[in-house]
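# Fold and contact review
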Amino acid sequence: MRDTPREVRRLVCQVCSLATDYLYGYRQKLVRAGQGEAELAAAFPARVRLEQPILATDYADAKVHNITLALKRVNNLLIPPGAIFSFWHVVGRPTRARGFVPGRSLLAGQLRPDYGGGLCQLSGLMYYVSLMAGLEVLERHPHSRDIYDDQTRYAPLGADATVAYGFKDLRVINSYPFPICFRAAASPAKVSCCLCGPHPVEESIIEFARTAQANGVTTVETRRRHPNEAGYRVLNVSSYRSLDEHDLVHMSATPQSLVEGGDQRQSPDSDTPIDE
């Protein structure tokens, strides 16, 4: 399957996802950008808040640009009770034609620049906030590589949620009996995200526990418990390979989406690559 052209693989994944959505009734529950009462949601106070630093890299400005562009569709989008927030269904495909710029991305386990790079910090932050708020996470994918060490890490290992258009999404269900929304902001120094709603939300305690480390692979359990509970519940298990020098050499290369199938510098269809 990996030898198949990426656009063919994307189409297959999208068809499978669409079939699943209709089979399980998810399609009609997906919220859309511009849908709902934005003015009502804008008045919701923040109930759970989290922020992370933006590390100083050559692609930091691109990250802030791409996140800010995505937030125009994410912020104050009303999510009714039982509705599903899908990152890509709301943000849409990150192309040059839509204003996205090349940023740092993972493709097949290697760091490469591509359009929409950096959006994973936003999706990861939204995932972490959703866990803290006690929401049900319908879909989330970890990165294939751990590209940081404990000195440079801006979030706990296991708190990430990679997104790759057509391949991997972040989906969260509003499990509360009242509407909610996300509200985030990005600056050169940090990115912050709030879960907002008309009523208080009990904040859960989240633990990312490293349970094994062997042959360059670290395994992390994501655990959650409510303040009045004694024990944690394991939500998922993620595995990460360490990044080596071979995985770093591609950051100075031309963005992958610009060179696949020949010179496509005029093509608007570049996108964030799949993290495999």
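Shown above is the structure to which this text applies.
Here the structure is a predicted model, which means the values were calculated and not measured.

Analysis parameters
Residues numbered from 1 in each chain as written. Predicted model: local features only at pLDDT ≥ 70, side-chain atom pairs only at ≥ 80, totals over all residues. Heavy atoms only, no water. Helix = DSSP H or I, 4+ residues; strand = E, 2+ residues; numbered from the N terminus. Buried < 20%, exposed > 50% of the residue type's maximum accessible area, 1.4 Å probe, protein only. Areas by Shrake-Rupley, 256 points an atom, 1.4 Å probe, with all protein chains shown as cover. Salt bridge = Lys/Arg side-chain N within 4 Å of Asp/Glu carboxyl O. Core = buried A, V, L, I, M, F, W, Y, C linked by side-chain atoms within 4.5 Å. Contact = heavy atoms within 4.5 Å. Expected span 1.5 Å × (residues − 1). Arc of directions from axis to C-beta. Pairing = 2+ DSSP bridges. Axes fitted to C-alpha atoms, helices over the stretch in contact; angles between N-to-C directions. Parallel < 35°, antiparallel > 145°, perpendicular 65-115°, else oblique. Nonpolar A, V, L, I, M, F, W, Y, C, P; charged D, E, K, R; others polar. Phe/Tyr/Trp six-rings, centres within 6.5 Å; stacked < 30°, edge-to-face > 60°.

### Overview of the overall build of the protein chain
Check the secondary structure of the protein chain and you find 6 helices and 12 strands. The buried share of the protein chain, reckoned over its 276 residues, is 50%. Counting every atom, the protein chain has about 12900 Å² of accessible surface; 52% of that belongs to carbon and sulfur.

### Description of the pattern of salt bridges
For the coordinates displayed, the defined rule picks out 14 salt bridges. The partner of arginine 153 in a salt bridge is aspartate 146, and the shortest N-O contact between them spans 2.8 Å. Like aspartate 146, arginine 153 is buried. The network of salt bridges with common partners includes Asp21, Arg27, Glu139, Asp169 and Arg171.

### Let's talk about the nonpolar core
Membership of the largest hydrophobic core comes to 53 residues, with the highest contact counts inside it found for Phe85, Phe87, Met126 and Leu195. Elements with a contribution of two residues or more to this core: β1 (46-53), α3 (60-74), α4 (87-91), α5 (119-132), β8 (181-186), β9 (190-196) and β10 (205-214). Considering each element in turn, this core owes the most residues, 10 residues, to α5. Ignoring any residue separated from it by four or fewer positions in sequence, one finds methionine 126 in contact with Val74, Phe85, Phe87, Leu170, Phe182 and Cys193. Ranked by size, the runner-up nonpolar core spans 6 residues in total, among them Ala41, Phe44, Leu78 and Cys194.

### A few points about helix α1 (residues 6-23)
An ideal rise of 1.5 Å per residue puts 26 Å on 18 residues; α1 measures up with 26 Å between its terminal C-alpha atoms. Those residues of α1 not exposed but buried are Arg6, Arg9, Arg10 and Asp21. Within α1, the buried residues cover an arc of 105 degrees as seen down the axis, which keeps them to one side. Those residues of α1 that are exposed and aimed more than 90 degrees away from the buried face are Leu11, Val15, Tyr22 and Leu23. Count one or two residues on from α1 and you reach glycine 25, which has phi positive near 75 degrees.

### Quick notes on α3
Note: α-helices contain 3.6 residues per turn, so residues at a spacing of three or four share the same orientation. Over its 15 residues, α3 extends 20 Å from the first C-alpha to the last, a length consistent with the 21 Å expected when each residue adds 1.5 Å. Among the residues of α3, those classed as buried are Ala60, Ala62, Lys63, Val64, Asn66, Ile67, Leu69, Ala70, Leu71 and Val74. One or two positions beyond α3, positive phi appears at asparagine 76, with a value near 60 degrees.

### Quick notes on the sheet that holds β10
Note: strands within a sheet are paired through backbone hydrogen bonds, in either parallel or antiparallel orientation. Across the sheet, 4 strands lie side by side as β6-β12-β11-β10; this open sheet has mixed pairing. The open sheet has two edge strands with one neighbour each: β6 (145-146) and β10. Across 2 bridges, β6 lies against strand β12 (residues 233-242) in parallel orientation. Each bridged residue has a counterpart across the sheet, and for aspartate 146 the counterpart in β12 is serine 242.

### Focus: the packing of α3 against α5
Helix-helix packing is described using two parameters, namely the angle between the two axes and the distance between the axes. Where α3 contacts α5, the axes come no closer than 8 Å and their chain directions differ by 50 degrees. In terms of orientation, α3 lies oblique with respect to α5. On α5, the residues that touch Lys63, Asn66, Ile67, Ala70, Leu71 and Val74 of α3 are Leu119, Gln121, Leu122 and Met126. Its residues assigned to classes, the contact of α3 with α5 comprises 7 nonpolar, 2 polar and 1 charged.

### A look at the sheet that holds strand β2 (residues 84-86)
Spatial ordering of the open sheet is given by β2-β7-β5, a layout of 3 strands whose pairing is antiparallel. Since the sheet does not close on itself, it has two edges, and those belong to β2 and β5 (136-139), each with one partner. Pairs of neighbouring strands in the sheet enclose a mean axial angle of 25 degrees, with direction left out of account.

### Quick notes on the packing of aromatic side chains
Taken as a whole and judged by the stated rule, the model has 7 aromatic pairs. The interplanar angle of 20 degrees and the centroid separation of 5.8 Å between the aromatic rings of tyrosine 24 and tyrosine 26 together place this pair among those described as stacked. Under the relative-accessibility criterion, tyrosine 24 is labelled exposed at 54%. Geometrically, the ring pair formed by tyrosine 148 and tyrosine 154 is edge-to-face, given 5.3 Å between the ring centres and 70 degrees between the ring planes. Among the residues examined, tyrosine 148 registers a relative accessible area of 19% and is labelled buried. Taken together, the aromatic side chains of Phe87, Trp88 and Tyr165 make up a single cluster linked through ring pairs.

### Focus on unusual backbone geometry
A positive phi angle, close to 60 degrees, is found at asparagine 76, a residue other than glycine. If you trace the backbone, asparagine 76 turns up in the loop between α3 and β2. The backbone phi angle of asparagine 215 is positive, close to 55 degrees, even though this residue is not glycine. Relative to the elements of secondary structure, asparagine 215 occurs in the loop between β10 and β11 (217-225). A relative accessible area of 77% means that asparagine 215 is categorised as exposed.

What is shown is where atoms sit, not what they do.
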